[in-house]
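The chain contents come next:
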Amino acid sequence: MNSPDPAAENTAPRDACASNDACARLQAFAFPPQLLAILRTLGDAGFEAYVVGGSVRDILLGRAPQDFDVATSARAEQVTRLFRRVVPTGLKHGTVLVLKGGFKTEVTTFRGEGDYLDGRHPESVVFLNEVQGDLARRDFTINAMAYDPVRRRFVDPFGGQVDLDKRVVRCVGTALERFSEDGLRPLRAVRFATALDFDIDPATMAAIAPTLSTFDKVSLERQRDEFVKLLASAHPARGLELLDQSRILPRLLPALAALGEAALREAIARLDRLVAHAPDADLALRLAALLSDLAPDDLMGRVETKSPAALLLRHLRLSNAEIDATLRLIARRGFARSTLETDADLRRALSCVGPDIARPLLSLAIAHGTPIDAAHALARRVDALLATRPPLSTADLALDGNRVGALLGQPKGPAIGRALKLLLDAVLEDPARNTPEALAEILRRHREDLS
Ligand code: ATP
Ligand code: MG
């Protein structure tokens, strides 16, 4: 067995890493000096202190950890007394943020949890003196390891290392119980399996469907955070397949599931084609590829803000900026299929969709099945055209609204808007006309139609 016996670890602290390949990674890892200083301060004061959770997992996987969480036997008040700069971010849960230099890390007292009565939050928090109990309340074995880089002690009571080697996501303890306690965990299982490209252990997978009523009680913000991480991963289409297989999908994205099997398969395939061609696609673009069938395609018209896509995005508590960006991409997805024969056609289309989203729209077109060569040819045309900095909006015109008003002899009113629109049409047709003189001449010719 690779995993140390928790009881033995308790009574005889030892270097569990000595002859282990994976642990050599932990020993060789360059932990930030400020983090080491924080751990030393806690250790010198007589407390246990470990790096826990995601960062230990990531180091063992050879990935760069995003941040480091510290778990300690010190209570929050004791931690607060030991450091000069702390922020009491979650005192009730034993968490304080410790700041050192430009570095910050959350330090949390070892804790176990009482009963979960509402499927979301433990009813009570119990603080503990040993790390094992703290690891036991964590969700998956790969997230339930601790390492103390000062004393070089590695604690892995649930076989996290073995599961990392086997590439499986497995609940700590009984999956049915763990999923009934906190309904977010099934979605987290799918998220980690997707992000790490792991399988979900069969017993863990089988426990998802029977506990889904608990998932519904989880706040939409927590659901959103996991879903966004799933979508941002390298192979999000696999994540959607797993959501479908585990039956989470109809609860997380009801409108997408309601489209039926064929449309769902196609939506997932679109997302897959998108990231295959644009691995750096942002959240809005990924959402647009997935949810295209939930809003109409309208290149010239207004962006529909009451479509099923809009309702779903709002339901998921995404930000207004994310929602607007996604809806704009969905509405303008026909860009590459519109008439773009001449440069004037292309300028008109760019003026309409906004030049900033031309590139994302071409990636979206590939997701929708536009041949890659055609999309690339169009991308080259767009780049060449934008390099000439053509006027594409009324703000780019050589005459502003005030000058137009003065020339028309009407300082205010709808006629000015009509005039600007007319001038924009003229310069989209021929950008050389964008001089004050040429525009004034156009206004003179159309004076009667405009008043
Ligand atoms: P990431 O790198 O994506 O942030 P992470 O493992 O750090 O991954 P977090 O959501 O930041 O994930 O949580 C930190 C740790 O807290 C986890 O590794 C896990 O040990 C524990 N944890 C988080 N959420 C839960 C939960 N719902 N139930 C049990 N343990 C959890
Ligand atoms: Mg984290």
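Residues numbered from 1 in each chain as written. Chains lettered and ligands numbered in written order. Predicted model: local features only at pLDDT ≥ 70, side-chain atom pairs only at ≥ 80, totals over all residues. Heavy atoms only, no water.

## Describing the pairing of strand β3 (residues 86-90)
Sheet faces and side chains relate simply in a regular strand, where the side chains alternate between the two faces.
And then number 1: Bridge count between β3 and strand β4 (residues 95-100): three bridges; the pairing is antiparallel. The partner of G90 across the bridge, within β4, is T95.
And then number 2: Connecting β3 to the antiparallel partner β4 that follows it, the hairpin turn spans four residues, and G94 within it adopts a positive phi of roughly 80°. (Pairing = 2+ DSSP bridges. Helix = DSSP H or I, 4+ residues; strand = E, 2+ residues; numbered from the N terminus.)

## Focus on the environment of P391
And then number 1: Tracing the backbone shows P391 in the loop between α22 (372-387) and α23 (401-408).
And then number 2: By relative accessible area, which is 8% here, P391 ends up buried.
And then number 3: Sequence separation between P391 and R188 is 203 residues; the distance between their C-alpha atoms is 48 Å. (Buried < 20%, exposed > 50% of the residue type's maximum accessible area, 1.4 Å probe, protein only.)

## Remarks on the nonpolar core
And then number 1: Formed by 124 residues in total, the largest nonpolar core has its most connected members in L240, L253 and F335.
And then number 2: Those residues in contact with L253 that sit more than four places away from it in its chain are F227, L240, L290, L312 and L316. (Core = buried A, V, L, I, M, F, W, Y, C linked by side-chain atoms within 4.5 Å. Contact = heavy atoms within 4.5 Å.)

## Some remarks on the pattern of salt bridges
Side chains that carry opposite charge are capable of pairing whenever their charged atoms lie near each other.
And then number 1: Applying the stated criterion across every chain, the model contains 34 salt bridges.
And then number 2: We note a salt bridge from E261 to R265, for which the minimum N-O separation is 2.4 Å. Of the two residues, E261 and R265 are both situated in helix α16 (residues 261-277); the distance of four residues between them amounts to about one turn of the helix.
And then number 3: With relative accessibility at 29%, the residue R265 sits in the partly exposed group.
And then number 4: Among the ionic contacts, a cluster of salt bridges with common partners joins R178, E181, D182, R185 and R222. (Salt bridge = Lys/Arg side-chain N within 4 Å of Asp/Glu carboxyl O.)

## Quick look at the packing of aromatic side chains
And then number 1: Evaluated as defined, the whole model comprises six aromatic pairs.
And then number 2: Consider the rings of F29 and F31, whose centres lie 4.9 Å apart with planes at 75°: the pair is edge-to-face.
And then number 3: One aromatic cluster in this structure is built from F29, F31, F68 and Y147.
And then number 4: Taking the ring centre of F192 as reference, the NZ or CZ of R191 above it sits at 4.1 Å. (Phe/Tyr/Trp six-rings, centres within 6.5 Å; stacked < 30°, edge-to-face > 60°. Lys NZ or Arg CZ within 6 Å of the ring centre and 35° of its normal.)

## Points about the domain arrangement of the protein chain
And then number 1: Considered domain by domain, the protein chain is made up of domain 1 (6-166), domain 2 (167-252), domain 3 (260-390) and domain 4 (394-450).
And then number 2: Distance between the C-alpha centres of domain 2 and domain 4: 57 Å. (Domains from an automatic or database assignment.)

## With respect to the site of ligand 1
And then number 1: In the neighbourhood of ligand 1, 15 residues make up the surrounding shell, with R57, D182, R185, R188 and R191 lying closest.
And then number 2: R185 places a polar side-chain atom, nitrogen or oxygen, 2.8 Å from a nitrogen atom of ligand 1.
And then number 3: Mapped onto the shell around ligand 1, the elements with two or more residues apiece are α4 (54-60), α9 (185-196) and α12 (220-231).
And then number 4: Here the residues of the shell around ligand 1 sort into one nonpolar, four polar and ten charged.
And then number 5: Each of two domains, domain 1 (6-166) and domain 2 (167-252), supplies a minimum of three residues to the shell around ligand 1. (Near = heavy atom within 4 Å. Polar contact = N/O pair within 3.5 Å; in protein donor to acceptor, adjacent residues only side chain to side chain. Nonpolar A, V, L, I, M, F, W, Y, C, P; charged D, E, K, R; others polar.)

## Digging into the confidence of the model for the protein chain
And then number 1: For the protein chain, the average pLDDT comes to 92, and 94% of its residues sit at 70 or higher.
And then number 2: In the model, residues 1-15 has pLDDT below 50 throughout and makes 22 contacts with residues more than four positions away in sequence or in other chains. (pLDDT = per-residue confidence, 0-100.)

## What about helix α24 (residues 414-429)?
And then number 1: With 16 residues, α24 ought to run about 22 Å at 1.5 Å a step, and its terminal C-alpha atoms sit 23 Å apart, in line with that.
And then number 2: Among the residues of α24, A415, I416, A419, L420, L423, L424, A426, V427 and L428 are the ones counted as buried.
And then number 3: Buried positions along α24 lie against α20 (343-353), α23 and α25 (436-450). (Expected span 1.5 Å × (residues − 1).)

## Thoughts on the side chain of S73
And then number 1: Structurally, S73 is set in the loop between β2 (69-72) and α5 (76-82).
And then number 2: Given a relative accessible area of 11%, S73 falls into the buried group.
And then number 3: In this structure the side chain of S73 is engaged in a polar contact, spanning 2.8 Å, whose partner is the backbone nitrogen of E48.
And then number 4: Those residues in contact with S73 that sit more than four places away from it in its chain are F47, E48, T109, F110, L128 and N129.

## Describing the packing of α20 against α24
And then number 1: Two elements in contact, α20 and α24, have axes whose closest approach is 8 Å; the angle formed by their N-to-C orientations is 135°. On the basis of the axis angle, α20 is oblique to α24. The residues of α24 that touch α20, namely those facing A344, R347, R348 and S351, are L424, V427, L428 and E429. (Axes fitted to C-alpha atoms, helices over the stretch in contact; angles between N-to-C directions. Parallel < 35°, antiparallel > 145°, perpendicular 65-115°, else oblique.)

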